[in-house]
Structures are given as structure tokens and as C-alpha cells.
Amino acid sequence: MQDGRFSLGGGGDPEVDNSVMHVVVGGVVAPFSQQSITTVPEVMMHPGDPFSQQEIHTSPDVAAAGRNVQLVWQRCPYQFVVQSQQVIAQLQSCRVAGRRATVANGTASLAGSEVILSDAPTGTFSLAPSVSGNGSGQRVAVWADTRTGTQGDIFAQRLDASGQPVGGNVQVSNGSGQIYARPEVAVRPNGAFAVAWTDTASTGLRAFVRRYDQTGQPLGPAEQLGSAETGLPAIA
């Protein structure tokens, strides 16, 4: 993803090494994510060992306002297992993480530590995060989440100017269809925000939007966009 002169990418082949998220500022690469100490340390991982536990860091998004940058991504621990005489990588769960940085003279400096944004139970898959913010530093991250069932629902988390969560996760959608693709979010100057997403039903793809005030309270239920098959909405 790109936001102005910021570009994001994941590093590392998951079969050889951990993936670490980076931000590129003016051609300078700075690491944003770190591997969890709850997994086997990187120094102990060997490409020839099919049973070493690792994490994949992927699906990044970025919100930049002036010199402040907020990055979100999904981190998914997995383990190689043997099934039917074949070695496969088995995902165990996924969580949404975030980290903040500041930029000065073309150099990105990390500010604070990596924060886990999804507060779902162990074994939940929190996937495909997006983030947006305003000039005051208020930001909102959204993602798809399986804590309510395998079809998934959209959840949101407000963040303050330091990148710390404000309150808990907010359930945005109500489980009426299977979530399809990455959700989108836009934040107004006063901190109010709107979330847009796509799900699938027997009639095909459906696009929805739901609006919230600056305290995270919903301004009514989700609204379907259009009466015919629609999908993949963008919001700004």
C-alpha cells in the first residue's frame, strides 16, 4: 500500500524466515514489526527444520498525517505439520497489530511499541486490516474477524495520537453474510468515522456502510449501498 511517499511491504519467505513489516521513507527502509517472544526465536529457526513455528506478517495498511505514520498489519503464527505424508504450513490464528512512527528529514523513527489491536479470543482469525486517521491524530483500524463465526464480521478499534487503543473492539457488521475482501474506513476531522465493506449472500455481493460518532457510538444500523448486486466500495 502507499500513502503519499510512504510505501509498505512484507519481508521474508515464510518457509525460510519470519516476515517483518517495513516502511519505506524516501528510499530508506525501516522495520516496523518485531517477532513475538511467544514463538521460537528467529535464531533457532532453520530452513531445513519443517517443524519450526513461525509467523507471517502481511496485509499492511498505512495512515499518514504530516510527520505521523500509523501502520497496521495481520500477524499469523503457523506451524509445519505432517498430513497424509506431506508437510504443510498450518495457520493457528491471526491478530491485527499496529505501530506508530514519526518522520523527520526523510528518516522514520519508531514511536512506542507494537500493539495488538484485536482483542478476540485465542484461535480467532483477524484479517485484512485497514486504517485511516485525521490531522489531530485520531485513527481507526478495521478488519474482518471470525470470533462470531466462520463467515466473519467487521470489527473496528479507535486509536489515539500515540497509537494506543481507545476502548475495546467494536463490532460493525451483524453476521448477515460472508465477509468478502478488505474493509475500508474514513475518519472525519472531529473523530467521527464510517466503515464500508462487502459481504456475500445468495443474491451475490453486497456493499454496506455504517457510520459512528467520535466516541465510537453507532449512528444507526448498517446501510446497504444499492438494491442490485454491488461490492468493493471505497470511502474517503
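Structure: above.
None of these values were measured; they are calculated from a predicted model. (Residues numbered from 1 in each chain as written. Predicted model: local features only at pLDDT ≥ 70, side-chain atom pairs only at ≥ 80, totals over all residues. Heavy atoms only, no water.)

Trainee: Where do I start with the overall build of the protein chain in this structure?
Mentor: Tallying secondary structure elements over the protein chain gives zero helices and 17 strands in all. Pairs at least 24 residues apart make up 46% of the contacts formed inside the protein chain by residues separated by at least 6 positions. Of the roughly 11300 Å² of accessible surface on the protein chain, 51% is carried by carbon and sulfur atoms. (Helix = DSSP H or I, 4+ residues; strand = E, 2+ residues; numbered from the N terminus. Contact = heavy atoms within 4.5 Å. Areas by Shrake-Rupley, 256 points an atom, 1.4 Å probe, with all protein chains shown as cover.)

Trainee: Hey, could you run me through the pattern of salt bridges in this one?
Mentor: Any two side chains of opposite charge can pair, so long as their charged atoms come close to each other. This model, assessed by the stated rule, comprises six salt bridges. For the salt bridge of Arg75 with Glu55, the shortest nitrogen-to-oxygen distance reads 2.7 Å. Pair noted here: Arg75 is in strand E6 (residues 68-83) and Glu55 is in strand E5 (residues 53-65), with a separation of 20 residues, a long-range link. Neither Arg75 nor Glu55 differs from the other in exposure class; each is buried. Measuring nitrogen to oxygen at the nearest pair gives 3.9 Å for the salt bridge that ties Arg211 to Glu223. Here the residue Arg211 occupies a position in strand E16 (residues 204-212), and Glu223 occupies one in strand E17 (residues 223-224), the gap between them amounting to twelve residues. (Salt bridge = Lys/Arg side-chain N within 4 Å of Asp/Glu carboxyl O. Buried < 20%, exposed > 50% of the residue type's maximum accessible area, 1.4 Å probe, protein only.)

Trainee: Is there a simple way to explain the state of the cysteines in this structure?
Mentor: In protein chemistry, a disulfide is the covalent bond that joins the sulfur atoms of two cysteines. By the definition in use, this model includes one disulfide. Paired through a disulfide, Cys76 and Cys94 show a sulfur-sulfur distance of 2.0 Å. Its torsion about the S-S bond being 115°, the disulfide of Cys76 and Cys94 is classed as right-handed. Placement of the pair is Cys76 in strand E6 and Cys94 in the loop between strand E7 (86-91) and strand E8 (95-104), with a sequence separation of 18 residues. (Disulfide = S-S within 2.5 Å.)

Trainee: Help me understand the pairing of strand E15 (residues 193-201), please; the structure alone is not making it clear to me.
Mentor: Put simply, side chains in a regular strand alternate between the two faces of the sheet. Of all nine residues that make up E15, seven are buried, and the element is covered over most of its length. Bridge analysis of strand E14 (residues 178-187) against E15 gives seven bridges, and the strand direction is antiparallel. Across the sheet, the residue bridging to Ala186 is Ala194, located in E15. Hairpin geometry of E14 and E15 is characterised by an intervening segment of five residues between the two adjacent antiparallel strands and by a positive phi of about 95° at Gly191. Sheet analysis places E15 next to E16, joined by nine bridges and oriented antiparallel. Counted as the bridge partner of Ala201 is Gly204 from E16. (Pairing = 2+ DSSP bridges.)

Trainee: Explain the packing of aromatic side chains here, please?
Mentor: Any aromatic ring pair is given by two values, namely how distant the centres are and how the planes are angled relative to each other. Considering all chains together, one arrives at two aromatic pairs under this definition. With centroids separated by 4.9 Å and ring planes inclined at 5°, the aromatic side chains of Phe193 and Tyr212 adopt a geometry described as stacked. Of this pair, Phe193 sits in strand E15 while Tyr212 sits in strand E16, and the two are 19 residues apart along the sequence. Residue Tyr212 is classed as buried on the basis of its relative accessible area, which comes to 2%. Aromatic side chains Trp197 and Phe208 sit 5.7 Å apart centroid to centroid with 15° between the ring planes, which places their arrangement in the stacked category. One end of the pair, Trp197, is in strand E15; the other, Phe208, is in strand E16, and eleven residues separate them in sequence. (Phe/Tyr/Trp six-rings, centres within 6.5 Å; stacked < 30°, edge-to-face > 60°.)

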